[in-house]
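Chain and residue survey
Listed here are the chains, written in short residue letters.
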Amino acid sequence: ISSDESSRKKGSIGQNDEDAPEQFSPAEASLLAKVIRKGLVESKNDIEVQRRDPKSPLYSVKTFEALNLNPNLLKGVYEMGFNAPSKIQETALPTLLADPPQNLIAQAQSGTGKTAAFVLAMLSRVDSTKKYPQVLCLSPTYELAIQTGEVAAHMAKFCPEIEMKFAVRGEEVPKGTELTEHIIIGTPGKVLDWGLKFKIFDLKKIHVFVLDEADVMIATQGHQDQCIRIHKNLSSSCQMMFFSATYDQEVMDFAEHIVKNPITIRLKREEESLDNITQYYVRCANQQEKYNAVTNIYGTVGVGQAIIFCHTRKTAAWLSEKMAKDGHAVAVLTGDLTVEQRINVLDRFRQGQEKVLITTNVLSRGIDVEQVTIVVNFDLPIDVNKKADCETYLHRIGRTGRFGKRGIAINLVDSEQSMAILKTIEKHFNRKINYLNAEDSDEIE
Ligand code: ADP
C-alpha cells in the first residue's frame, strides 16, 4: 500500500473529541481536495497503459478539436478555460468517445482531470431526441454528486437540450413518474430506489455507466454492494467508465468485477519533495511563545498565504480565537464544521480573503495551493505512538516541484521531545532545518 492509499483509508476518528488528532473520511477528504484546488494538477510522469485488448487500438489526442465533438460542447469546454486535454484526458477521451464504445478503468490522483473527462464523455454520448435516462453516474456522496453535476452543467452551457437529474437525498419524485432527463447523477442508494424499487427509469436503457471515486465508494459501508446491484441490472452493452484516485488491490478487484475488457490507464502521482522548501525551527518555551512566534511570522507573510497545522482541534480553536481577538483575519478548518462550512472556509481561503488558514491534520493532503508560501507546524506531526510522523510532515510541507516556487516551512519546538522529533525528521529527509530567532523574523528569506 502506497502512502496515498493508506492515508485515504483511515476513516473519521475522534469527531467528538477536541483533544484527539483528527482525520476526515475518504469522502470528506476528497471533497475538500476538490474545493481547495484552483486548477489542474500536472504531472511529469507518463501515462501507463496497464492492460488492453491487443485487438483494440489505443489513441491519444493533443487537442479537443481532434475529438470531433459537438461544436456547442467544444464551446463549453473552451468556456471552462480548458485549452488542451490534460495528460489523463489525452488518452482517456479518445477511449471514452470511441465507436464502438470502449470500457475504461482510469487511475490518477485527484485534480488530474478525470471528472472533466468523463463529464465530457457523458454529455457527448447523450441523444437528446430520446427523452429518457441514458447516462448514469454514481458518486459516493451527496456533495460529490453535486460537484460533478456542477461541472456537467457548466460544460453543457451551450447545450440546453441536454437535461440532468440528481438522484440524491432530498430529491423526491411522485410515484408513477417516468424520468425524461438524459443524465442521472446520484448516490447508489437513491439510484437503486429509483431504478429498481420505484422503477421511474429503466436501468436497461442506460448505455453509459460511470463509477466516480471508486476507491472512496468502497471505503463507504454498503456502497460497493449497491453499486454491484445496480451494475447487475444494466444491459451487457452498456459502456463502463471506472475512475479512482488510488490503485490498490481492493479497488482493482472491484474494477475487474464491474468493467469487462477494459483499457486500463494509470498516471502515477508525482512524488512530493522538500527540494524547494527552506525549513526553519523556532524555540519556544510555552504556548504563549508559540503564539508570539506565529504572529511575528504572520507579519512577514507578505503577498503569499500561510497554513498553520495544529495537532488537535482544541489548539486550533485556541489559536484562531486568540489571533482573531488580536485583529488578524484567519480562517479555521477542523472536523467539527459542517460540510457547507468547510467548503465556505476553503473557498474564501482559495480566493485569498483570509491570508492564514489554521487547521489540523485533516488538510495534510491537497494543500499544494500555489499561493501558500509558508507552512507552520504549530505542533510537529506525530503518529499514534507519539513518534515523528515523517510522511505527514512531507504531505504538509512538500511540493511536487511543478510550481518551481520556493516555499518556507517553520516548525515550532516547545520541548525536548519535540526537539527530538524535529531531529528525527531532519535526519529522515537529510535536509537541514535551520534555527530561526523568532524575535527577528527578518531572517526569513
Ligand atoms: P479529478 O476529477 O481528477 O479530480 P478534475 O476533472 O476535477 O480532476 O480537474 C481538476 C481541475 O482542473 C478542475 O478545476 C478542472 O476544472 C480543471 N481541469 C480539468 N481539465 C482541464 C483541462 N484540460 N485544462 C485545464 N483545466 C482543466
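Above this text you will find the structure in question.
Below is a short write-up of the structure.

1. Let's talk about helix α4 (residues 87-96)
- Counting buried residues in α4 gives nine out of 10 residues, a clear majority hidden from the surface.
- Listing the buried residues of α4 in full gives Ile88, Gln89, Glu90, Thr91, Ala92, Leu93, Pro94, Thr95 and Leu96.

2. Details of unusual backbone geometry
- Residue Pro100 is bonded to the preceding Asp99 through a cis peptide linkage, with omega at 0°.
- The topology assignment puts Pro100 in the loop between α4 and β2 (104-108).
- The backbone of Asn68 shows a phi angle near 50°, a positive value even though the residue is not glycine.
- With respect to the secondary-structure elements, Asn68 resides in the loop between β1 (47-51) and α3 (71-79).
- You can call Asn68 exposed: its relative accessible area is 71%.
- At Lys199, a residue that is not glycine, the phi angle is positive and equals roughly 50°.
- With respect to the secondary-structure elements, Lys199 resides in the loop between α7 (188-197) and β6 (208-211).
- Judged by relative accessible area, which is 57%, Lys199 ranks as exposed.

3. Concerning the pattern of salt bridges
- Under the counting rule described, the total for this entry stands at 16 salt bridges.
- For Lys290, the salt bridge identified is with Asp379, shortest N-O distance 3.0 Å. Highlighted residues: Lys290 in helix α11 (residues 287-300) and Asp379 in the loop between β13 (372-377) and α14 (390-397), separated in sequence by 89 residues.
- By relative accessible area, which is 16% here, Asp379 ends up buried.
- Within the structure, one salt-bridge network assembled from shared partners comprises Lys290, Asp379 and Asp414.

4. Some details on the site of the ligand
- In the region of the ligand, 17 residues are neighbours, and Ala84, Gln89, Gly111, Lys114 and Thr115 sit closest.
- Within the contact set of the ligand, a nitrogen atom lies 2.9 Å away from a side-chain nitrogen or oxygen of Gln89.
- When the free accessible area of the ligand is taken as 560 Å², the share hidden by the protein chains comes to 81%.
- The leading source of residues in the shell around the ligand is helix α5 (residues 114-124), at three residues.
- Per-class residue counts for the shell around the ligand are six nonpolar, nine polar and two charged.

5. Examining the pairing of strand β14 (residues 407-413)
- Of all seven residues in β14, seven are buried; the element is thus mostly enclosed.
- The two faces of β14 match: Gly407, Ala409, Asn411 and Val413 on one face and Ile408, Ile410 and Leu412 on the other face are all buried.
- One ladder, built from seven bridges, connects strand β9 (residues 277-283) with β14; its direction is parallel. Along β14, the bridge assignment pairs Tyr280 with Ile410.
- As judged from the four bridges shared by β13 and β14, these two strands associate in the parallel manner. Paired with Asn377 across the strands is Asn411, a residue of β14.

6. A closer look at the sheet that holds β9
- The parallel open sheet is built from seven strands, whose spatial order is β11-β12-β10-β13-β14-β9-β15. Both edges of this open sheet fall to β11 (330-333) and β15 (433-435), since each of them pairs with a single strand only. Within the sheet, the average angular offset between the axes of one strand and its neighbour, ignoring direction, is 25°.
- Docked against the sheet, α11 engages β9, β10 (305-309), β12 (356-359), β13 and β14, running at close to 165° with respect to β14.

Here is what the cut-offs are and how they apply
- Residues numbered from 1 in each chain as written.
- Predicted model: local features only at pLDDT ≥ 70, side-chain atom pairs only at ≥ 80, totals over all residues.
- Heavy atoms only, no water.
- Buried < 20%, exposed > 50% of the residue type's maximum accessible area, 1.4 Å probe, protein only.
- Helix = DSSP H or I, 4+ residues; strand = E, 2+ residues; numbered from the N terminus.
- Salt bridge = Lys/Arg side-chain N within 4 Å of Asp/Glu carboxyl O.
- Near = heavy atom within 4 Å.
- Polar contact = N/O pair within 3.5 Å; in protein donor to acceptor, adjacent residues only side chain to side chain.
- Areas by Shrake-Rupley, 256 points an atom, 1.4 Å probe, with all protein chains shown as cover.
- Nonpolar A, V, L, I, M, F, W, Y, C, P; charged D, E, K, R; others polar.
- Pairing = 2+ DSSP bridges.
- Axes fitted to C-alpha atoms, helices over the stretch in contact; angles between N-to-C directions.
- Contact = heavy atoms within 4.5 Å.

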